[in-house]
Amino acid sequence: MLMPQNVDSTLSNYVDLTQNPQDSAIVKWWGNGRLDTEDINGNGILDPGEDLNGNGKIDTEDLNHNGKIDIFNMLDHLPTFQESRDNIILNWVYQVGSKSFFEAKFSRFRTSMKYNVRENINEDMDGDGVLDLYYDVDGDGIPEDVDGDGDNRHEDLNGNLEWDWKRDGGNTDLFTDENNNGYIDASEGRPRDQWISWNDVPINNIKDNDGYYHYGTGLTYSRARWNFDEKFTYTGKITFYSQVDKYNEIKTGIEYNSYDIFDFDRDLASGGNVYGQLIDHVKPYSFAAFFEDKMEYGGMILNAGIRLDYFHSNVTFPADLDDPVEPGEGKIKNPIKTKPRWYISPRFGISHPITERDVLYYNYGRYFQIPRFFILYRNLSFDLSGAFPIVGNPNIEPETTTSYEVGIKHQFSNNMKIEIKGFFKDIRGLTDTRQVYYTVANYYTIYQNLDYGNVRGFEIQLYKRMGRYIGGTINYTYSIAKGKSSSPHQNYIFTWAGDVIPAEENFLNWDQRHTLNANINLRIPRDRRLLFGTSILDDVGMNVVFRYGSGLPYSSIARTRIPPINDKRMPPTYYLDMIIDKQIRIADRYQIKFFLWTNNLQDALFNQKNILRLADVQWYEQFGDPSGKYKDPSVYSEGTIWRLGIQLDF
């Protein structure tokens, strides 16, 4: 309940309801800005004349019995994130003669994230100052089993046999599992068979007519969740470079990556559905070997190379996806080890001068991408409880891209050139989902290589080397990106919504037809004295970056079971960034730089707020407001950011 913050919350300011019996009969004193209670003398019992509505209980706004009105802070029940990361890198270079050298790199990268929805539940549900033995939540005369233990007595929500408000003032977080063992920490003081698992936590979200969650009735955030993940990446790479002769420069080497992945997740959704997974230190690894040769003959440059990749997801998986678990036990049936994958990727490029100022070139390459780990390892325990379960697929193939590029470069002068190229990328093995029925009526969803895509277009780039005052690049790209799906969850969402899964190509989410990028550098050299013979503008520089992108696609509201996909466009985006600096030299050894750095300057100059996404498509199409009914500010790009700084070089 939201109360004014300038309230004198001492017990002497309790409202004496006996002075207004008409209002007290229907209890109209809630929310008047003062602390109200039927326990007028504050002795904790109902004295004669204090039970104004005759229900035999002390009615009060002071539910936690601390003698004051507490201000409801909406942030108390929002998710909290604790993130950390660290990286250790070792680099060693060893010269072998005058034309060759080795380079060795070793690194360890660690990330950690803890996600928690903090929920302090008042176990004194009726506010009478004692742990509830029975409590009638909905007023139908039948006490509810609030804590979900099969017994409507002793509604001790965390099972620690004491009233938490007396012990810690309501600071017990009933949704923590710090040891990641699947049981609520606050219940582990009891005998082992009485610990509360996440499946036993009460889920009781109640919304008002506007869609907001009620405060004090069940959980006050849309869903409670606990997540802890920690990932280590170990990398070793050794590369050998050599200018064999005046015609050949080679690069060859090996690379090894290993991973250690831990992820514990419990997600309490609506309808009593509990989702979760435990990825208990899964350790995939990969290996690569590569060779490249750059050959120069009579002005012609030929680049040729090949890369061998090996990847092993290194886990067990059901032998039969149509019959994945033991009946009634939830254990994987006939687990087998996943198989490693080998891939060969050739690369080829050639550039050939056709005049003294023009060069024609062609590039071909084949690339593969290791699947994202959530696609490989999600819900590998095959927990098929809850609605619409989804599992990862450690046997999935990587996405592969075959790239073709042809272009021409023309040199106008020693300082300026233009490049025009066309490109085509064929993407195979894009990830989506399919449904697997393990019984006649029940199915789960698994990731599969089902989709494909392609990107084609052309690019024009004008380049000017930094001259007396100005330099920079201007780049324009036209492209079309089409494919079967833009997301590995497209089919999953359509199935959940009861829609028909499309079979034809559509524009992909990243299909941005036109982009224009300009990076312009302006600098006045030292000793120019351009302003009335003074040196004020000497060593003054400005860098301006302008980016334009035509509108990205979005899907309009479906009117049938065949939903439209990316059939409309959002407005275009404009970004303007700028840095202005002034350099001052001191004794020819030191240099001080003063700078003004601003991002998203277009917002300050032209009130241009770029739309990044749509909070509610229907609201946007009806009213033209991308922030939706509840005015979500995150749909817009950041406003203008100003930075002032000083830099010392020596």
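Here is what the cut-offs are and how they apply
- Residues numbered from 1 in each chain as written.
- Predicted model: local features only at pLDDT ≥ 70, side-chain atom pairs only at ≥ 80, totals over all residues.
- Heavy atoms only, no water.
- Helix = DSSP H or I, 4+ residues; strand = E, 2+ residues; numbered from the N terminus.
- Buried < 20%, exposed > 50% of the residue type's maximum accessible area, 1.4 Å probe, protein only.
- Contact = heavy atoms within 4.5 Å.
- Core = buried A, V, L, I, M, F, W, Y, C linked by side-chain atoms within 4.5 Å.
- Salt bridge = Lys/Arg side-chain N within 4 Å of Asp/Glu carboxyl O.
- pLDDT = per-residue confidence, 0-100.
- Pairing = 2+ DSSP bridges.
- Phe/Tyr/Trp six-rings, centres within 6.5 Å; stacked < 30°, edge-to-face > 60°.
- Lys NZ or Arg CZ within 6 Å of the ring centre and 35° of its normal.
- Polar contact = N/O pair within 3.5 Å; in protein donor to acceptor, adjacent residues only side chain to side chain.

## Overview of the overall build of the protein
Each helix and strand in the protein was counted, giving 6 helices and 24 strands. Taking all 650 residues of the protein together, 37% fall into the buried category. Sequence separation of at least 24 residues holds for 61% of the intrachain contacts in the protein that already meet a minimum separation of 6.

## Let's talk about the nonpolar core
The biggest cluster of nonpolar side chains holds 23 residues, and the ones touching the most others in it are Y377, F382, Y444 and I446. If you list the elements that add at least two residues to this core, you get β4 (248-268), β5 (274-282), α3 (373-377), β12 (390-391) and β15 (443-464). The contact partners of F382, leaving out residues within four places of it in the chain, are F317, P318, L321, P324, V325, I332, V391 and Y444.

## Let's talk about the pattern of salt bridges
On inspection of all chains with the given rule, the structure shows 23 salt bridges. Where E292 meets K251, a salt bridge forms, and the shortest distance between an N and an O atom there is 4.0 Å. You can see E292 sitting in strand β6 (residues 285-297) and its partner K251 sitting in strand β4, a full 41 residues away along the chain. Notably, a salt bridge pairs D309 with R307, separated by 3.0 Å at the nearest N-O pair. Note on D309: relative accessible area 8%, which makes it buried. Residues joined by salt bridges that share partners form a network here, namely D86, R108, R110 and E230.

## Section: the confidence of the model for the protein
Overall, the prediction assigns the protein a mean pLDDT of 82, with 78% of residues at 70 or greater. Counting interchain partners and residues more than four positions distant, the pLDDT-below-50 stretch residues 1-27 has 48 contacts. Per-residue pLDDT stays below 50 along residues 214-220; that stretch engages in 23 contacts with residues further than four places along the chain or on separate chains.

## As for the pairing of β6
For β4 and β6, the ladder comprises 11 bridges, and the chain directions are antiparallel. Bridging across to β6, G253 finds its partner in F290. Judged from the 13 bridges that link them, β6 and strand β7 (residues 300-312) form a sheet pairing that is antiparallel. Within β7, the residue paired with E296 across the bridge is I301.

## A word on unusual backbone geometry
Its identity is not glycine, yet N314 carries a phi of approximately 65 degrees, on the positive side. For N607, which is not glycine, the phi torsion reads 55 degrees and is therefore positive. Counting through the fold element by element, N607 comes out in the loop between α5 (601-606) and α6 (617-623). Judged by its relative accessible area of 59%, N607 falls in the exposed class.

## Thoughts on the packing of aromatic side chains
Think of a pair of aromatic rings as described by two things: how far the centres are apart, and how the planes are tilted against each other in angle. Applying the stated rule across the entire model yields 25 aromatic pairs. Summarising the aromatic geometry, the rings of F228 and F262 are spaced 6.1 Å apart at their centres and angled 55 degrees between planes, so their arrangement reads as tilted. With F228 in strand β3 (residues 224-243) and F262 in strand β4, the pair connects residues that are 34 residues apart, well separated along the chain. Centroid distance F458 to Y478: 5.7 Å. Interplanar angle 25 degrees. Geometry classified as stacked. Here F458, found in strand β15, pairs with Y478, found in strand β16 (residues 470-483); they are 20 residues apart in sequence, far enough to count as distant. Overall, the relative accessible area of 25% leaves Y478 in the partly exposed class. Taken together, the ring pairs in this structure connect F317, F382, Y438 and Y444 into an aromatic cluster. Just above the ring of Y183 sits the side chain of R192; from NZ or CZ to the centre is 4.6 Å.

## Quick notes on the environment of D616
Residue placement: D616 occurs in the loop between α5 and α6. In this structure the C-alpha to C-alpha distance between D616 and S627, which are 11 residues apart in sequence, comes to 7.1 Å. Other than its neighbours up to four places away in sequence, D616 contacts P626 and G628. Polar side-chain contacts of D616 include one of 3.1 Å to the backbone nitrogen of Q618.

## Considerations on the side chain of T445
Relative to the helices and strands, T445 resides in strand β15. Engagement of the side chain of T445 in a polar contact is seen with the side chain of Q435, the distance being 3.5 Å. If we ignore the near neighbours within four places in the chain, the residues touching T445 are P389, I390, V391, T433, R434, Q435 and Y492.

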